[in-house]
Amino acid sequence: MERVKLGIIGVGNMGSGHANSLMEGKVPELELVAVADRRETRRQWAKETLPDTVRIFEEGSDLIASGCCDAVLVATPHYEHPGLTIDALQHGLHVMCEKPAGVYTKQVREMNEAAKKSDRVFAMMFNQRTNHVYRKMHEIVCGGKYGKIKRVNWIITDWYRTQAYYNSGGWRATWAGEGGGVLLNQCPHNLDLLQWICGMPVKVQAFCHNGKWHDIEVEDDVTAYLEFADGATGVFVTTTADAPGTNRFEITLERGKLVCENDQLYFYELDVNEREYCFTATEGFVKPSGHEVTLETDGQNLQHVGVLRAFAANILRGEPLVARGEEGIYGLTLSNAMHLSSWLGHPVEIPFDEELFLEKLNELRSTSRLKENVQETTFSTEGSYGSEASK
């Protein structure tokens, strides 16, 4: 069987997890041939854990230039994703990029332009798109049978983290090291799913509270209001401090309501379109009739392994990706818009002023606790990386 030779750049929790999956044969069409990490402890882990045939590099750029790989998986801290992706594409390598695509949309736009000029496969690790529940929500909403979206509510507060978590890595929860808090670290999947299922809003008003519940400089509590082009509205609430937390995703359509909670999907179907019923009903208090629907899914939820299998299959046979790399900018646009709205104290429209966002971000980075990295990454997609790209 033909196999794709893969190198992993950054073997922290995420990168090492991917490496272990490959070693266990969970992605038969990918062969791990190299890893890179600037932290000596992680290179030592690779030396002790991985086969002798796997080459070990300190610099991702050296792995990319080595010629030993067909593709790379970028699993470094956020700021480094675009620079390494661009480097790999320009060396003729296929790229799988961990989420988020980057920290600010301007740098991700440069990455997408590089991908457009390349004939290589570029994919994002949006593994939650493999979840059968979210795939069914996407199918129902985008199918159009039940009308337009009226309202979206996602309370995603089951990201509980202690202070010990934030103390575990020097890059964590800093503007210079991570570029944000819960929106950049925990919620990229949720923001991607929100736009994938519901589409992009056109206006955002957000309240991001920095270090409200932890001793950190970035946001750990967010409430955002969303407006969509066709009149739908939404609310997105997240934090890393609620215990117990909630993960409830509601989408109200003209002819029904989807509710996803505790990995279960519920659907209530109206017998008529509510918009039509509202203006034709002769009684003032009678709700439109409807019934609960049992939804059938394929039950599959392959997560990271499923994304990697699709990546290999696309390279070898042109089969569909779970998520194209260029799609990474959409969820990041949402988080950037939320940050910018909170910083400015008023709603922002999408698309927003990317230069203004970067100016405000750089102001925060200049006073960050992780000051040593600011000069290196302020105006460039290049920068240092380690192995702490765990979420």
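Here's a quick rundown of the structure. (Residues numbered from 1 in each chain as written. Predicted model: local features only at pLDDT ≥ 70, side-chain atom pairs only at ≥ 80, totals over all residues. Heavy atoms only, no water.)

**Re the overall build of the protein chain**
Then step 1. Assigned secondary structure in the protein chain consists of 14 helices and 15 strands.
Then step 2. For 391 residues, the compact-globule formula gives about 21 Å, and the C-alpha radius of gyration of the protein chain, at 22 Å, lands near that figure.
Then step 3. Seen through its principal axes, the protein chain has C-alpha atoms that stretch 75 × 50 × 40 Å.
Then step 4. Put simply, of all contacts in the protein chain between residues at least 6 apart along the chain, 70% involve residues at least 24 apart.
Then step 5. Accessible area of the protein chain: about 16900 Å², with a carbon and sulfur share of 48%. (Helix = DSSP H or I, 4+ residues; strand = E, 2+ residues; numbered from the N terminus. Rg over C-alpha atoms; globule rule 2.2 N^0.38 Å. Contact = heavy atoms within 4.5 Å. Areas by Shrake-Rupley, 256 points an atom, 1.4 Å probe, with all protein chains shown as cover.)

**Structural notes on the packing of aromatic side chains**
Then step 1. With the rule as written, the count across this model stands at eight aromatic pairs.
Then step 2. With 5.1 Å between their ring centres and 75 degrees between their planes, Tyr-165 and Tyr-166 make a pair best called edge-to-face.
Then step 3. When its relative accessible area of 7% is taken as the criterion, Tyr-166 is described as buried.
Then step 4. Note on Trp-175 and Trp-343: the rings are 5.8 Å apart at their centroids and 70 degrees apart in plane angle, and the pair reads as edge-to-face. Residue Trp-175 is located in the loop between α7 (163-167) and α8 (182-185), and its partner Trp-343 is located in helix α12 (residues 328-344); the two are separated by 168 residues in the primary sequence.
Then step 5. For Trp-175, a relative accessible area of 3% puts it in the buried group.
Then step 6. Judged by its relative accessible area of 24%, Trp-343 falls in the partly exposed class.
Then step 7. Three or more aromatic residues link up through ring pairs in this structure, and these residues are Tyr-134, Trp-154, Phe-236 and Phe-249.
Then step 8. The ring of Tyr-165 has Arg-161 lying over it, and the distance from NZ or CZ to the ring centre is 5.0 Å. (Phe/Tyr/Trp six-rings, centres within 6.5 Å; stacked < 30°, edge-to-face > 60°. Buried < 20%, exposed > 50% of the residue type's maximum accessible area, 1.4 Å probe, protein only. Lys NZ or Arg CZ within 6 Å of the ring centre and 35° of its normal.)

**Section: the sheet that holds strand β12 (residues 256-261)**
Then step 1. Strand order in the open sheet made by the nine strands is β14-β13-β12-β11-β7-β10-β9-β8-β15, with mixed pairing throughout. In the strand order of this sheet, the two ends are held by β14 (290-293) and β15 (348-349), each with one partner.
Then step 2. Across four bridges, strand β13 (residues 264-270) lies against β14 in antiparallel orientation. In the strand pairing of β14, Leu-270 is matched with Gly-290.
Then step 3. Running over the sheet, α12 touches β8 (203-210), β9 (219-227), β10 (233-239) and β15 and is turned about 70 degrees from β8. (Pairing = 2+ DSSP bridges. Axes fitted to C-alpha atoms, helices over the stretch in contact; angles between N-to-C directions.)

**Let's talk about the sheet that holds strand β2 (residues 30-36)**
Then step 1. What the six strands build is an open sheet, ordered β3-β2-β1-β4-β5-β6; its pairing is parallel. Two strands lie at the open edges of the sheet, namely β3 (55-57) and β6 (122-124), each paired on one side alone. Strand-to-strand twist of the sheet, defined as the mean angle between neighbouring strand axes without regard to direction, takes the value 25 degrees.
Then step 2. With three bridges joining them, strand β5 (residues 94-97) and β6 adopt parallel strand pairing. Of the residues in β6, the one forming a bridge with Met-96 is Ala-123.

**Some remarks on helix α11 (residues 303-317)**
Then step 1. With 15 residues, α11 ought to run about 21 Å at 1.5 Å a step, and its terminal C-alpha atoms sit 21 Å apart, in line with that.
Then step 2. Every buried residue belonging to α11 is among Gln-303, Val-305, Gly-306, Val-307, Leu-308, Ala-310, Phe-311, Ala-312, Ala-313 and Asn-314, and all of these are buried.
Then step 3. Against β1 (4-9), α1 (13-23), β2, β4 (71-74), β5 and β6 lie the buried residues of α11.
Then step 4. With its phi angle positive at about 75 degrees, Gly-318 sits one or two positions after the end of α11. (Expected span 1.5 Å × (residues − 1).)

**Considerations on the pattern of salt bridges**
Then step 1. Within this structure, the stated rule accounts for 22 salt bridges.
Then step 2. Of the charged contacts, one joins Arg-317 and Glu-29 as a salt bridge, the two residues approaching to 2.6 Å between their closest N and O atoms. Separated by 288 residues along the polypeptide, Arg-317 in helix α11 and Glu-29 in the loop between α1 and β2 bring together distant segments of the chain.
Then step 3. The class of Arg-317 is partly exposed, set by a relative accessible area of 46%.
Then step 4. You can call Glu-29 buried: its relative accessible area is 15%.
Then step 5. Here Glu-113 and Lys-116 are joined by a salt bridge, their closest N and O atoms 3.4 Å apart. Of this pair, Glu-113 and Lys-116 both sit in helix α5 (residues 105-117), three residues apart, which is roughly one turn of the helix.
Then step 6. Through salt bridges with shared partners, one network takes in Arg-129, Asp-192, Arg-324, Glu-326 and Glu-327. (Salt bridge = Lys/Arg side-chain N within 4 Å of Asp/Glu carboxyl O.)

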